[in-house]
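Tertiary structure, described
Letter by letter, the chains look like this.
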Amino acid sequence: MIDDEALRTLGQRLVEVDGVVGVLLGGSRAREEHTRESDFDLGLYYRPPLDIEALEDLARDVAGPKASVTRPGEWGPWVDGGGWLHIGGTAVDWIYRDLDRVRKSWDDAQAGRNDFHFQIGHPLGVPDFMYAGEVALGVVLADPSGEITTLQEAAVVIHHACGTPWSKGCGRHLSASRSLARQSPAEIRHTSQDVCSG
């Protein structure tokens with residue numbers, strides 16, 4: 001099992017790869033809702049060009065010679081790549097996040113704009129405001145520039161720009177993006193209808 005120190009050490013090694021700006025722990029482990037069998041979801045927030053060769057070298061160093069990672073875009077436009085690794089007997093998923101796209105989605109969420117986008121493996125599509133929810137709920141593991149931390153801190157004060165957390169617009173979208181992480185597909189459909197009708 002990977003402990004907190006090992007996770008942060010891995011995060012520091014990841015941000016040494018050209019293109020990787022920061023690393024965020026997401027999913028059930030970030031929300032402290034995990035079980036012993038839960039995997040570790042690491043969001044690799046990057047700006048192109050991403051040094052795939054260096055990233056794959058690191059993957060093989062920590063997960064063995066058969067480990068591999070994709071190039072950005074190989075999984076689709078919104079969950080655009082990464083790698084499914086096993087480190088010390090534990091599943092650790094590296095998931096790419098284009099930081100400029102995350103920032104745009106964040107700005108759109110604050111302005112009350114949203115959309116759902118095609119993505120293989122996501123029958124209801126990917127809501128762009130999901131990115132804002134991931135940043136709001138994640139645990140920063142490495143962020144040498146401070147850019148990810150700044151985005152996350154904005155989630156704490158976003159309601160001031162909206163009037164109230166449940167007002168029409170950005171607060172409502174942020175609330176929805178946070179709740180999506182805990183919902184079933186049927187519940188996500190209901191949430192999206194509520195957000196889009198607001």
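Residues numbered from 1 in each chain as written. Predicted model: local features only at pLDDT ≥ 70, side-chain atom pairs only at ≥ 80, totals over all residues. Heavy atoms only, no water.

Section: the confidence of the model for the protein
- Per-residue confidence for the protein gives a mean pLDDT of 83; residues scoring 70 or more make up 78%.
- Of all the helices and strands in the protein, helix H8 (residues 185–197) carries the lowest mean pLDDT, 39, while helix H3 (residues 52–63) carries the highest, 98.
- Scored below 50 in pLDDT, residues 159–198 makes 61 contacts in the model with residues more than four places away or belonging to other chains. (pLDDT = per-residue confidence, 0-100. Helix = DSSP H or I, 4+ residues; strand = E, 2+ residues; numbered from the N terminus. Contact = heavy atoms within 4.5 Å.)

A look at the pairing of strand E1 (residues 20–26)
- Burial analysis of E1 places seven of its seven residues in the buried class, which makes it a mostly covered element.
- The pairing of E1 with strand E2 (residues 40–46) spans six bridges and is classified as antiparallel. Its bridge partner being in E2, Leu-24 is matched across the sheet by Gly-43.
- In this sheet, strand E7 (residues 139–142) lies alongside E1 in antiparallel orientation, the contact comprising three bridges. Opposite Leu-25, over in E7, you have Val-139 as the bridge partner. (Buried < 20%, exposed > 50% of the residue type's maximum accessible area, 1.4 Å probe, protein only. Pairing = 2+ DSSP bridges.)

Topic: the layout of surface pockets
- Taken as a whole, the second largest pocket spans an internal volume of roughly 190 Å³.
- Taken together, 13 residues make up the lining of the second largest pocket; nearest its centre are Asp-4, Leu-7, Leu-25, Arg-29 and Phe-40.
- For the lining of the second largest pocket, the leading source of residues is helix H1 (residues 4–14), giving three residues.
- When its residues are assigned to classes, the lining of the second largest pocket shows seven nonpolar, one polar and five charged. (1 Å grid on protein atoms, 1.4 Å probe; cavity = no way out; pocket = protein on both sides within 12 Å on 5 of 7 lines; lining within 4 Å. Points joined across faces, edges and corners; volume = space filled by probe spheres on them. Nonpolar A, V, L, I, M, F, W, Y, C, P; charged D, E, K, R; others polar.)

Re the side chain of Asp-98
- Mapping Asp-98 onto the fold places it in strand E4 (residues 90–98).
- One buried charged side chain, Asp-98, makes no salt bridge at all; its nearest oppositely charged neighbour is Arg-101, positioned 5.5 Å away.
- A distance of 3.0 Å separates the side chain of Asp-98 from the backbone nitrogen of Asp-100, its partner in a polar contact. (Lys, Arg positive; Asp, Glu negative; His and termini not counted. Salt bridge = Lys/Arg side-chain N within 4 Å of Asp/Glu carboxyl O. Polar contact = N/O pair within 3.5 Å; in protein donor to acceptor, adjacent residues only side chain to side chain.)

Digging into the sheet that holds E7
- On the basis of which strands lie adjacent, the open sheet formed by five strands has the order E3-E4-E2-E1-E7 and mixed pairing. Because the sheet does not close on itself, it has two edges, and the strands there are strand E3 (82–87) and E7. Ignoring which end each strand starts from, the neighbouring axes of this sheet average 30 degrees apart.
- Taken together, the seven bridges between E2 and E4 define a ladder with parallel strand orientation. (Axes fitted to C-alpha atoms, helices over the stretch in contact; angles between N-to-C directions.)

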